[in-house]
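# Coordinates in review
Each chain, letter by letter, is given below.
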Amino acid sequence: MSVPKPEYPRPDFDRSERWLTLNGDWGFEPEGEEPTTIVVPFAWETAASGVRRTWLERAVYRRSVTVPRAWDGRRVILSFGAVHHVARVLLGGVVVGVHTGGYTSFEFDVTELVTPGEPVELVVEVDAPADKREIPHGKQRSIPRDDYDGVSFTPTSGIWQSVWLEARGRSYVESAAVRGDSLTGFAVSGRVIGDAPAGAAVVVTVDGRETTIAADAHGRFDGTVTVDAPRLWSPADPHLYAIEFRVGDGEAADRVVATAGLRSIEVRGEQLFLNGRRLYLRGVLDQGYWPDSGLTAPDDASLVRDLDLAEELGFNLVRKHLKFEEPRWLHAADRMGMLVWAEPACPSRFTPDAAAAFEEQLPELVRRDGNHPSIVVWGLYNEEWGLDWDIPGSQERAEAAVHAYDTMRALDDSRPIVENSGWAHVRSDLVDWHYYDEDPAAWAANVAALASGEKESFEVKLGPDFVVDKSFYGSADFPRTGVPILNSEFGAGFTSLERAWHVRWQTQEIRRHDRFAGYVYTELTDVEHEMAGLLDADRRRKDWGGLNPADSNAETVLVVDIVPQRAGADIPIPTSPLGVDVRVSHHGDAPVDGILHAAWSAAGSPLPTADEAPDARADVSAAPFAVTEPVTLTVPPPPGAARLHLWLEADGRCVARTFVDAAVIERPNRRGARQG
C-alpha cells in the first residue's frame, strides 16, 4: 500500500534533504481490546484510519523504526504534527518524553536512543479524554456535552497529523522567527541547540547575500538582513523569499530554509492596511473537516484544493476555525496569496486550569506559524467558549480574555489580535461580530444601526429557547470608535437556494456601509449535520439559484436599494415601469468608471449576452472604499415572472453583477398553507 500523506510536512521550514516519513500502518492496541492496525496520520474515529472507534479514551501505537545509515554522526529528531490529547513517547522501551495538547506540534531529540541502520520499536501511548470541556478541543464533541454541542462534531483522537524523522547538524537551529514588516528586509531571531550552541555563528542567506549573526551564551540569536530591490508580498503578487540558516561547515553543518514575505498588516483608526494600502477582508469560515478523515485532509491535493475553492468563490481570506491547520496548507496560502485568520482551539468551560491550558498553545502557534505572511489576524477565544458565555458578568473571565491577548501580543507584535471573536470585546485590535438573521428587513436595519453606532448589540440564539442580546463590547471602557469593525460570521437559509439568496442580499448590506473593514461568511463547506456550506462536505457545488457567489464577494459589487421578500421572489411582478436604485461598492486601488446596465430575462436565466440590448443604462463613477450615491435605472414591466439582471461594464469587461427576481409573492393563509 502507498504511504498516506507522503509529502514533507514543513515546506515553510524545510529540512527535506534528510527526512523519513513514519506515516502508514502502525500496530494499534485499544485499551482492553485485541491489537489491530491503524493508518497514521488519521484519527481513530475516522474511516481513513481503518479503526473508526468513537469514545475510545486510551490506546497504544507501535511500529519499528530504522534510521538510515547515512545519518550516522548527525542528530536525529522525531517530529509529530499533532496528537490528541496526551502523548507519552517511548523508543526502545525508554521514555523519550510526554506532550500534552491535541493541536500543537512537538519533537524529541532521539539521537542517543537510535543506531543508524538498526531497527528500534517506537511506542506512542495516547490519552484522549471523553470529557474535553476543560481542555482545548474546539468543535470536537465532548461527554459530558459542551454548551455548544449543537455545532460540535465527531472527536479527533490519537495521531492525526504526520509523524516523521529528520537528520540535523550536531548543533542546529531549533527555531527561527522571520518578520518582514519593515518592507526592506527581515528581522530574524531564533535559537541554536545541540553540542555547542553558545556563541555559534548563524549564517543567514537571502538572495545570495550572507549575514553572520553570533548566538549568545544560551544559543539565542537575533539580527536583521536587508534585501536589494525589495519585492513585497501581497494577494496580487505573493512573492516569497527563501531564508537559509546555516550552522557549521561541511557535511556536519545544519541547514534549514524558511520562507517568508515582505509585508505589513496594520490598523489605522477604523481601517486595515496591507503594505500601506487599504485592505478590505472578504472572508469565509473554513473548519478544515473531511467526511472520511475528520480534521486531517485525506491527501495533499484535498488540503490545498480548499484554498482554490475559496478563491474561486471570490474570497480573499480564509478564517481557519478553531484549528491549527497543517503547515502545508499555510504554505500553499502563502504561495497563492490567500489571506488567513488563524486561531487555536479553545476549551468550553472556564477554570483557571482551562485558561492556562488554552494559553499554553500560543507560543507553539507563533513559533510554528508566525513566519507565514498569509496570516494577517490572530484569533483567540471564540464567542466566549471556555469563558462560560459570561465576559460581561464575570471580572475573572474578562481578565482571562485580556491575559490571553497580552500573552499573544508579547509573542507577536506584528499582527492584529482578536481576543474573543464574535462579541463582548474587552481588549482587541478588531471589533468583530457574529450575527445570524433570517429576516432580510431586520438584517438590513440592524446592520445599518451597527454601522452607524446607533446599536451595539444584537440577538443571539444560544439554544432552542435561549435568546440573549450580545454586544460588541464586554466593557464600558472599550472605545466605541477608532477600532476597525468587521463581521466574522454570518449566513442564513435552510435550503441551498435560500442560503444563496441570503448570500446575495446579506453580503450587499455589509458592503453598503463603508465603516466596516470586512466580513467572513459562514461557511465554505458542510460539516456532518451542519449544512451551512456553499459547498457540500465532498466539496461539490450546491444549487445556488443562478447566483455565482464570486459576484457577491468581488472587489466591485452592486448594492440594490431593495428589501427582498423571499428566495425566488425578491419583488412582486411590476405592472408599470420599475425604477431600481443601484449603488457601487468598489475596493480597488483606482476608481472605476463604467456603465450600469439593466435587462429583463426569463426567470432563472444567466446574464444576457453582449449582443442583447439592455432595457436601461447609466454612467457611474466609483471611488475606492466609498459607496456611490444611488443611480436609478428605469425598466419597463416584464410580461410575467422574470429576472432583472444588473451589471457594470468598465474597460470593455463586466466588473460587477447581480440580479433581482420578480415573481408572484405568496402569502400564508390563516391555516398556514400558502396562496397566491
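Here, every reference points to the structure presented above.
The text that follows walks through the structure, step by step, so that each part is easy to find. Worth saying up front: this structure is predicted, and the values here are computed from it rather than measured.

Attention now moves to the nonpolar core. If you look at the biggest cluster of nonpolar residues, it comprises 88 residues, and the most contacted ones within it are Leu307, Trp378, Met408, Trp433, Phe458 and Phe472. For this core, the element with the highest residue contribution is helix H5 (residues 395-411), accounting for seven residues. Look past the residues within four positions of tryptophan 433 in its chain and what remains in contact with it is Gly422, Trp443, Val447, Leu450, Phe458, Phe472, Ile485, Leu486, Asn487, Ser488, Glu489 and Phe516. Residues Val65, Val120, Val124 and Val126 belong to the second largest nonpolar core, which totals 34 residues.

What follows covers helix H6 (residues 440-452). An ideal rise of 1.5 Å per residue puts 18 Å on 13 residues; H6 measures up with 18 Å between its terminal C-alpha atoms. Of all the residues in H6, the buried ones are Pro440, Trp443, Ala444, Asn446, Val447, Ala449, Leu450 and Ala451. Looking at the packing, one finds that the buried side of H6 touches strand S29 (431-434), strand S30 (457-463) and helix H7 (496-511). N-cap assignment for H6: the residue whose side-chain oxygen lies 2.9 Å from the backbone N of alanine 441 is aspartate 439. Downstream of H6 by one or two residues, glycine 453 has phi in the positive range, about 90°.

This part is about the pattern of salt bridges. Summed over the entire model, instances satisfying the criterion amount to 56 salt bridges. A salt bridge links arginine 179 to aspartate 412; the shortest N-O distance between them is 3.6 Å. You can see arginine 179 sitting in strand S14 (residues 171-179) and its partner aspartate 412 sitting in the loop between H5 and strand S28 (417-421), a full 233 residues away along the chain. As a salt-bridge pair, glutamate 244 and arginine 246 come within 3.4 Å of each other at their nearest N and O atoms.

Attention now goes to the sheet that holds strand S24 (residues 281-286). Each strand in a sheet pairs with its neighbour through backbone hydrogen bonds, running either in the same direction (parallel) or in the opposite one (antiparallel). Across the sheet, which stays open at both edges, the six strands sit in the order S28-S27-S26-S25-S24-S33 with parallel pairing between neighbours. Here the strands that pair on one side only, and so sit at the sheet edges, are S28 and strand S33 (518-521). Shown here is a sheet whose adjacent strand axes are inclined to one another by a mean of 25°, direction ignored. Of the strand pairs in this sheet, strand S26 (residues 339-342) and strand S27 (residues 375-382) are connected by three bridges, and their pairing is parallel. Following the sheet pairing, tryptophan 341 is matched in S27 by valine 377. On the sheet, helix H2 (residues 327-336) packs against S24, strand S25 (317-320), S26 and S27 and is oriented at approximately 145° with respect to S26.

Now for the pairing of strand S16 (residues 201-206). The element S16 is largely enclosed, with a buried count of five among its six residues. Pairing analysis gives six bridges linking S16 to strand S17 (residues 209-214), with the strands arranged antiparallel. Across the sheet, threonine 205 pairs through a bridge with glutamate 210, a residue of S17. Counting the residues that bridge the hairpin from S16 to S17 gives two residues, and of these aspartate 207 lies at a positive phi of roughly 50°. Pairing analysis gives five bridges linking S16 to strand S19 (residues 241-247), with the strands arranged antiparallel. Bridging from a neighbouring strand, valine 202 pairs with valine 247 of S19.

Criteria and thresholds
- Residues numbered from 1 in each chain as written.
- Predicted model: local features only at pLDDT ≥ 70, side-chain atom pairs only at ≥ 80, totals over all residues.
- Heavy atoms only, no water.
- Core = buried A, V, L, I, M, F, W, Y, C linked by side-chain atoms within 4.5 Å.
- Buried < 20%, exposed > 50% of the residue type's maximum accessible area, 1.4 Å probe, protein only.
- Helix = DSSP H or I, 4+ residues; strand = E, 2+ residues; numbered from the N terminus.
- Contact = heavy atoms within 4.5 Å.
- Expected span 1.5 Å × (residues − 1).
- Polar contact = N/O pair within 3.5 Å; in protein donor to acceptor, adjacent residues only side chain to side chain.
- Salt bridge = Lys/Arg side-chain N within 4 Å of Asp/Glu carboxyl O.
- Pairing = 2+ DSSP bridges.
- Axes fitted to C-alpha atoms, helices over the stretch in contact; angles between N-to-C directions.

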